[in-house]
Amino acid sequence: MSVNTTSVSAPAHTSLEDRDVFFVDGVRTPFGRAGEKGIYHGTRADDLAVKAVRGLLSRNPEVPAEKIDEIAMAATTQTGDQGLTIGRTVGLLSGIPESVPGFAIDRMCAGAMTAVTSLAGGIAFGSYDVVIAGGVEHMGNHPMGAGADPNPRFLSEKIVDPQALNMGNTAENLHDRFPEITKERADSYAVASQQKLAKAYEHNQIQPDLVQVAAQRPGEGWAVNTVDEPPRPNTTMESLADLRTPFRAHGRVTAGNAAGLNDGATAAMLASGTAVRELGLTPKMRMVSFAFAGVSPDVMGYGPVPATEKALAKAGLKISDIGLFEINEAFAVQVLSFLDFYGIDQNDERVNRYGGAIAVGHPLASSGVRLMTQLARQFDEDHSVRYGITTMCIGLGMGGTVIWENPNHADFGTKA
């Protein structure tokens, strides 16, 4: 898809294109820490996804459930309570009519992003008008890689470096490739992420898109969870300095400058121009282009660079046209390698204004929609920005990028 003429309010010089793809709304559960001490230790993954979908539907009563054409739900570990074609099961459990189909997606960390782009293609082709896309990951129930059986050819034929099967090792490899990205720079970026998230919470920029989740922890009773569990707003350079480096002796990647192990779910509603007009919707973003790209698995975190280059080329845009960046913070070094490629300062106000995964958490397949939801809220706050990017690295050496346009911008609907 490429930039064309559209308008939400349809002024005289533009028209709402029927097959344009619009991001109508997005929500998520509060993210929890994985493990026995986490808020969702006694909660099923599919129930988390149901909470997100129901929250999305309740916020958009003008969209009848029977008007939904498809549900795509992502999970990285598709077994147990994350299995059984989770898009379909979540639809049924959410009370959506059984006539609405659903399916499951796995592209590791970019699962929810791929759910969005896959259904967006269906909208652009004319197969769908209203869809729900999202993702869920309960890393407490399903640790990353649990039950996986990598083909022995990966190693015997040297297709993949053994270290590339561990994401932390690939982050250390990025530090090796770009020695100018020091541990101190990574730690400084991590501290800023925590501070920006705390500021966003202070200004009520996160809470409006959170769905409250009542969860029971074994032996502790029920609690209503309304905020994210992972943030550490008091993080300082001093507190990060002596953290152990679990992936390499005397390494640079720590629990402080990387995303944690988390549980959570997201859900988004997309619609065609036709549905926006007929249902009277007010979309928050228009999809301009998207792209996925592969890189060597041993430097997995570099994937957003070629993916963004492809997405920009498809859109006919330059990196200087992008006014906001939502970059998934799997590791600080991964974000910094992206920013350095484009000559963007790590403290640039366009980058992750609300903080990122280092602070808020990264429940793998759910995170793509979190990025989109945060970008949409920033579009609403800042009408001076026309284009924004959501981008993320993906396990086994990939990256994904989606470019979005702000309907509030004065030039929205005109050619770039």
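Per chain, residue numbering runs from 1 following the sequence as it is written. With the structure being a predicted model, the display of local features is reserved for residues of pLDDT at least 70 and the display and counting of side-chain atom pairs for 80 or more, all residues being used for whole-chain, interface and lining totals. Based on all heavy atoms of the structure, the side-chain values leave hydrogens and waters out of the count.

**Describing a nonpolar patch on the surface**
Stage number 1. Together, Leu155, Leu165 and Leu396 make up an exposed nonpolar region whose accessible area comes to about 240 Å².
Stage number 2. Its place among the elements puts Leu155 in helix H4 (residues 153–156).
Stage number 3. Note on exposure labels: buried denotes an accessible area under 20% of the residue type's maximum, exposed denotes more than 50%, and partly exposed covers the range between, all computed with a 1.4 Å probe on protein chains only. When its relative accessible area of 44% is taken as the criterion, Leu155 is described as partly exposed. For patch building, the residue pool is restricted to those with more than 30% relative accessible area and no salt bridge; the joining distance is 9 Å between like charges and 5 Å between nonpolar side chains (Val, Leu, Ile, Met, Phe, Trp, Tyr). For accessible areas, the Shrake-Rupley method is used with a probe of radius 1.4 Å. Any residue's cover is judged against the shown protein chains and nothing else. We count a salt bridge whenever a side-chain nitrogen from Lys or Arg sits within 4 Å of a carboxyl oxygen from Asp or Glu. Only DSSP runs of H or I covering at least 4 residues are called helices, and only runs of E covering at least 2 are called strands; the numbering of each starts at the N terminus.

**Considerations on the packing of aromatic side chains**
Stage number 1. Only Phe, Tyr and Trp rings take part, Trp by its six-membered ring, and two of them pair if their centres are within 6.5 Å. Stacked means planes under 30 degrees apart, edge-to-face means over 60, and tilted covers everything else. Inspection of every chain in the model, using the stated rule, returns 6 aromatic pairs.
Stage number 2. Between Phe341 and Tyr342, the aromatic rings sit 4.8 Å apart at their centres with planes inclined by 90°, giving edge-to-face as the arrangement.
Stage number 3. Taking relative accessible area as the criterion, Phe341 reaches 40% and is therefore assigned partly exposed.
Stage number 4. Look at Tyr342 and you get buried, because its relative accessible area is 15%.
Stage number 5. Grouping aromatic residues by their ring pairs yields a cluster made of Phe325, Phe338, Phe341 and Tyr342.
Stage number 6. Across the ring face of Phe31, the terminal group of Arg28 is positioned such that the distance to the ring centre comes to 4.5 Å.
Stage number 7. Each ring is checked for a lysine NZ or an arginine CZ that lies within 6 Å of its centre and within 35 degrees of its normal; such an atom marks a charge sitting over the ring. Between the NZ or CZ atom of Arg107 and the centre of the ring of Phe292, over which it lies, the distance is 3.8 Å.

**With respect to the UniProt feature "domain: Thiolase N-terminal" (unreviewed entry) in the protein**
Stage number 1. UniProt positions are given in the numbering used here, feature names are shortened, and annotations may be inferred rather than shown by experiment. Following the UniProt record, the feature "domain: Thiolase N-terminal" (unreviewed entry) maps to residues 21–272 here.
Stage number 2. Annotation note: span residues 21–272, helix share 31%, strand share 19%, distance between end C-alpha atoms 5 Å.

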